[in-house]
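Topology and contacts: notes
Residue-level listing of the chains:
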Amino acid sequence: MYWNPFIEKISEKELEELQLRKLKQTVEVAYKYSPFYRELYKREKVDPSDIKSLEDLEKLPFVKKQDLRDNYPFGFFTVPLSQIVRLHASSGTTGKPTVTGYTQADLELWTESLARGLFSAGVRSDDVMQVAYGYGLFTGGLGFHYAGEKIGATIVPISSGNTQRQLDLMRDFGSTVFTCTPSYMLYITEFAEKIGLTIQDDTKLRMGFFGAEPWSEETRRRIEDKTGIDAINVYGTSEIGGPVVTECQEKAGIHFWGDIYIIETINPETGERLGEGEKGELVVTVLGKEGMPMIRWRTGDITAIIWEKCACGRNHPRIERIVGRSDDMFVIRGVNVFPSQIEYALMLLPEVAEHYQIVLERDEAGVDTMTVQVEINPAVKDQYFAQGKVGELEKRVAEHLRNHLNVRPKVEVLEPESLPRFEGKAKRVIDKRKL
Ligand code: DLL
């Protein structure tokens, strides 16, 4: 079943023709109405008339987070404020927030994109969708709200937090679809167990859309095992609209609708374009975005593109699960490590729970050290803590991580509930080197 059969089943050739037409238009409009793009293209000596084929996209320069910051708050908009109907902002960790402005048509484009994704994963009008992403300047809450409504699902706009109430309403309203960050889902599941509920037996939940932060395949498996629901990956960034793309029922990569987005991956250091299956930084061009054109936007996220047709029959490119942001990667004793690799390796061990934290420090000699703190699985707590065998387990976890990462971290296995829990995006890395 397709939400928009004509577009979702479009042939590769027709899709390319459509992309080229929309790309030309997008670049022309940006050049005409945006002082930022006009100056950038003049400086780089490129002109909208240079775009004659899809390959010519490569001639255009990238747009980066700093460009948005330099134009804070509204310098990036190409329409007068009277045509902007919504603002969102992404807080980020450093510097000013990045602001995004939407025209009515931009909101419709965003909603169409996510509605297609939700439908492809199985959301229908008889679903009750509890939206536990934050509502507000963050795009998560309102993005799911309108996309779910468009499908005709019954929306429960609860926002994030108040976990007891989340569970009460999940039961009372018979919610079938849940949306929040994967770390919040883990917390909700833990909370439910503590008050004697299980999501599988005591609720009607059958599916969840988890994203806004990196999470691993092993965490998906744990969420699915503990709750009995289908855990679907959803991706997006505020600059390209918000949560915009998801996996379909196959759970084999995130579909990027080709009539709305052109995606590329590049080597983050050289900017060189990469081929299919090669991991690099995702670059997104949004076709027909009015309020704030995004042409060759460097997302900072590391993934690979899959061009092969999906088993679901849709002819649009997919991306693999995001490994992390290039700026989240750290180097320990010469080895590159993404937090998500640590998460993946930890989740393979049944003795540890899903709650972990990575502490980076620099010792007096200037050498960086990494400590992985992880909670013990409550089911085996006594076996290790009561019998003084935690040290043994820590050694085993450290050795296991060394096998996966090629570098041996220090490991601390902690009592249950000793690490922070999160209602939104988790903060897993404590970098004391930057304090
Ligand atoms: O997080 C939009 C969103 C909301 C996506 C709800 C999914 C669900 P920002 O706050 O601008 O927007 O943060 C965007 O979050 O560049 C990635 O680094 C990260 N991210 C988002 N989805 C995923 C995912 C929203 N599925 C930044 N896997 C992005 C890994 C993700 N990282």
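Residues numbered from 1 in each chain as written. Predicted model: local features only at pLDDT ≥ 70, side-chain atom pairs only at ≥ 80, totals over all residues. Heavy atoms only, no water.

With that out of the way, let us pick up the packing of aromatic side chains. Each aromatic ring pair is characterised by the separation of its centres together with the angle its planes make. With the rule as written, the count across this model stands at 16 aromatic pairs. Seen from their ring centres, Phe-36 and Phe-76 are 4.6 Å apart, and the 35 degrees between their planes marks the pair as tilted. Residue Phe-36 is found in helix H3 (residues 35-43), and its partner Phe-76 is found in the loop between helix H4 (65-70) and strand E1 (86-90); the two are separated by 40 residues along the sequence. As far as the burial class goes, Phe-36 and Phe-76 line up, both buried. (Phe/Tyr/Trp six-rings, centres within 6.5 Å; stacked < 30°, edge-to-face > 60°. Helix = DSSP H or I, 4+ residues; strand = E, 2+ residues; numbered from the N terminus. Buried < 20%, exposed > 50% of the residue type's maximum accessible area, 1.4 Å probe, protein only.)

Within strand E18 (residues 352-362), nine of the eleven residues are buried, leaving the element largely enclosed by the surrounding structure. Sheet analysis places E18 next to strand E19 (residues 368-376), joined by eight bridges and oriented antiparallel. By the bridge assignment for E19, Val-359 is matched with Thr-371. What sits between the antiparallel neighbours E18 and E19 is a turn of five residues, in which Gly-366 has the positive phi angle 85 degrees. (Pairing = 2+ DSSP bridges.)

Empty space left among the atoms is revealed by rolling a probe the size of a water molecule over them. What the second largest pocket holds in volume is close to 490 Å³. For the second largest pocket, the lining is made up of 24 residues, of which Glu-16, Gln-19, Leu-54, Ile-263 and Trp-307 are closest to its centre. Where the lining of the second largest pocket is concerned, the elements lending two or more residues are helix H2 (12-33) and strand E10 (261-266). No other element matches the five residues that E10 contributes to the lining of the second largest pocket. Residue composition of the lining of the second largest pocket, by class: ten nonpolar, six polar and eight charged. (1 Å grid on protein atoms, 1.4 Å probe; cavity = no way out; pocket = protein on both sides within 12 Å on 5 of 7 lines; lining within 4 Å. Points joined across faces, edges and corners; volume = space filled by probe spheres on them. Nonpolar A, V, L, I, M, F, W, Y, C, P; charged D, E, K, R; others polar.)

On to the packing of helix H8 (residues 182-194) against helix H10 (residues 217-227), then. Running from N to C, H8 and H10 cross one another at 30 degrees; their axes reach a closest spacing of 11 Å. When the interaxial angle is binned, H8 and H10 end up roughly parallel. You can see that H8 and H10 cross each other, and the crossing is left-handed. On H10, the residues touching Pro-182, Met-185, Leu-186 and Thr-189 of H8 are Thr-219, Ile-223, Lys-226 and Thr-227. (Axes fitted to C-alpha atoms, helices over the stretch in contact; angles between N-to-C directions. Parallel < 35°, antiparallel > 145°, perpendicular 65-115°, else oblique. Left-handed = near helix turned anticlockwise from the far one by under 90°. Contact = heavy atoms within 4.5 Å.)

Domain assignment breaks the protein into domain 1 (1-326) and domain 2 (330-434). The distance between the C-alpha centroids of domain 1 and domain 2 comes to 30 Å. Counting residues at the interface gives 27 residues for domain 1, matched by 21 residues for domain 2. Summing both partners gives a buried area of about 1,900 Å² for domain 1 against domain 2, and 52% of it is carried by carbon and sulfur. Inspection of the region where domain 1 meets domain 2 yields four salt bridges. Between Lys-194 and Glu-417 there is a salt bridge, and its shortest N-O distance comes to 3.1 Å. On the surface where domain 1 and domain 2 come into contact, there are 15 residue pairs in polar contact (both at pLDDT 80 or more). Elements represented by at least two residues in the side of domain 1 that touches domain 2 include exactly H8, H10 and strand E15 (324-325). With six residues, H8 is the largest single contributor of residues to the side of domain 1 that touches domain 2. In terms of residue class, the side of domain 1 that touches domain 2 is built from nine nonpolar, ten polar and eight charged. (Domains from an automatic or database assignment. Buried area = accessible area lost by both parts, 1.4 Å probe. Salt bridge = Lys/Arg side-chain N within 4 Å of Asp/Glu carboxyl O. Polar contact = N/O pair within 3.5 Å; in protein donor to acceptor, adjacent residues only side chain to side chain.)

Strand order in this open sheet of four strands is E10-E11-E12-E15, and the pairing throughout is antiparallel. Edge strands, defined here as strands with exactly one partner in the open sheet, are E10 and E15. Taken together, the four bridges between strand E11 (residues 280-286) and strand E12 (residues 297-303) define a ladder with antiparallel strand orientation. Of the residues in E12, the one forming a bridge with Glu-281 is Ile-302.

This part covers the sheet that holds strand E14 (residues 318-319). If you trace the three strands from one edge of the open sheet to the other, you get E9-E14-E13, paired in antiparallel fashion. Of all strands in the sheet, those with a lone pairing partner are strand E9 (254-255) and strand E13 (305-306), marking the two edges.

The next thing to look at is helix H7 (residues 163-172). Residues spaced three or four apart along an α-helix point in a common direction, a consequence of the helix completing one turn every 3.6 residues. Taken as a whole, H7 has its buried residues at Thr-163, Gln-166, Leu-167, Leu-169 and Met-170. Looking down the long axis of H7, one finds its buried residues gathered within 165 degrees of arc, a one-sided arrangement. Tucked into the core, H7 has its buried residues touching strand E3 (128-131), strand E4 (154-156), strand E5 (177-180) and H8. Directly beyond the C-terminal end of H7, a positive phi value near 65 degrees is found at Gly-174. (Arc of directions from axis to C-beta.)

Moving on, we get to unusual backbone geometry. The residue after Tyr-72, namely Pro-73, is reached through a cis peptide bond having omega -10 degrees. Positive phi, normally seen in glycine, also occurs at Lys-251, with a value near 50 degrees. Of note, Lys-251 is situated in the loop between strand E8 (242-246) and E9.

Applying the stated criterion across every chain, the model contains 34 salt bridges. Between Glu-239 and Lys-65 there is a salt bridge whose closest N-O contact spans 2.8 Å. Remark: Lys-65 occurs in helix H4 and Glu-239 occurs in the loop between strand E7 (230-237) and E8; sequence separation between them is 174 residues. Overall, the relative accessible area of 2% leaves Glu-239 in the buried class. On the basis of relative accessible area, Lys-65 is assigned to the partly exposed category, the value being 25%.

What follows is about the site of the ligand. Around the ligand, a shell composed of 21 residues is seen, among which Asn-233, Val-234, Asp-301, Arg-325 and Lys-425 lie nearest. Between a nitrogen atom of the ligand and a main-chain N or O atom of Glu-213, the distance comes to 3.3 Å. Here a nitrogen atom of the ligand and a backbone polar atom of Val-234 are 2.7 Å apart. Within the complex, 94% of the 610 Å² of free accessible area of the ligand lies under protein. Listed by contribution, the elements that provide at least two residues to the shell around the ligand are helix H6 (139-151), E7 and E8. Broken down by element, the shell around the ligand gets its largest block of residues, five residues, from E7. Among the residues forming the shell around the ligand, the class breakdown is eight nonpolar, nine polar and four charged. (Near = heavy atom within 4 Å. Areas by Shrake-Rupley, 256 points an atom, 1.4 Å probe, with all protein chains shown as cover.)

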